[in-house]
Amino acid sequence: MKAGIYPGSFDPATFGHLDIIKRAAALMDNLIVGVLKNNGKTPLFSVDERVNMLRDAVKDIENVQVMSFSGLLVDFARQHGVNVIVRGLRAVTDFEYELLMSQTNRVMAPDIDTIFLTTSLDYAYLSSSTVREIASYGGDISKFVPPDIEDIIRKKYKEENR
Ligand code: ADP
């Protein structure tokens, strides 16, 4: 069984993330999407909200499981008997950070490898922070996230502005 973990903040999940999930799931028997709980930044969405949004968005992909984790990614991977980490690469700006992370993880856990999927050109520019910013000004985010996630984001900003 070849299993992988795709970790991230997913605050919120976008079409870019979903594209990586679909493509990674097609390469593996099982893919765990790991939603990070303690990432230092204060997220817009709670970890439960992020997990639920993703679960709903990937419900039709049979071999994908969404769960939250805190602490070291390599420990989370070991707990689940997984030795492949999947990350998405958009542009050279992602490269340096991703390289450092994967090398650090490899020093901590030589048995775990990181593989990178390059983003589909359609989503190369897309990030969760861009989506949050546009939504915070009431802009149209329908090209960036699925309709259910769009509704949740809109509700969140309505609550925040109340
Ligand atoms: P993190 O805070 O760990 O970077 P993100 O949720 O921002 O978490 O991203 C998770 C992963 O998804 C990262 O590997 C990131 O490079 C990748 N990713 C983010 N947006 C896109 C996109 N539009 N296309 C492809 N990969 C993406």
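Shown above is the structure to which this text applies.
Residues numbered from 1 in each chain as written. Predicted model: local features only at pLDDT ≥ 70, side-chain atom pairs only at ≥ 80, totals over all residues. Heavy atoms only, no water.

Quick notes on the side chain of E98
Checked against the element boundaries, E98 lands in helix α4 (residues 92–108). At 2.8 Å, the side chain of E98 forms a polar contact with the side chain of R87. When sequence neighbours within four positions are dropped, the list of residues in contact with E98 reads R87, G88, L89 and F116. (Helix = DSSP H or I, 4+ residues; strand = E, 2+ residues; numbered from the N terminus. Polar contact = N/O pair within 3.5 Å; in protein donor to acceptor, adjacent residues only side chain to side chain. Contact = heavy atoms within 4.5 Å.)

Points about the site of the ligand
Near the ligand you find 17 residues, and of these Y6, S9, F10, G88 and L126 are the closest. Side-chain polar atom of T119 to a nitrogen atom of the ligand: 3.0 Å apart, as the coordinates give it. When isolated, the ligand has an accessible area of 550 Å², and the protein chains bury 91% of it. With respect to the pocket detection grid, the ligand is positioned in the largest pocket. At the level of secondary structure, the elements contributing two or more residues to the shell around the ligand comprise β1 (3–8), α1 (15–27), β4 (84–89) and α4. When its residues are assigned to classes, the shell around the ligand shows six nonpolar, six polar and five charged. (Near = heavy atom within 4 Å. Areas by Shrake-Rupley, 256 points an atom, 1.4 Å probe, with all protein chains shown as cover. 1 Å grid on protein atoms, 1.4 Å probe; cavity = no way out; pocket = protein on both sides within 12 Å on 5 of 7 lines; lining within 4 Å. Sits in = over half its atoms within 2 Å of the grid points. Nonpolar A, V, L, I, M, F, W, Y, C, P; charged D, E, K, R; others polar.)

Topic: empty space enclosed by the protein
By the definition in use, this model includes one cavity of 30 Å³ or more. Volume-wise, the largest cavity comes out at about 30 Å³. If you trace the largest cavity, you find it lined by P7, L73, I85, R87, E98, M101, S102, N105, T114 and F116. Of all the secondary-structure elements, those providing two or more residues to the lining of the largest cavity are β4, α4 and β5 (113–118). Grouping the amino acids of the lining of the largest cavity by side-chain chemistry returns five nonpolar, three polar and two charged. (Points joined across faces, edges and corners; volume = space filled by probe spheres on them.)

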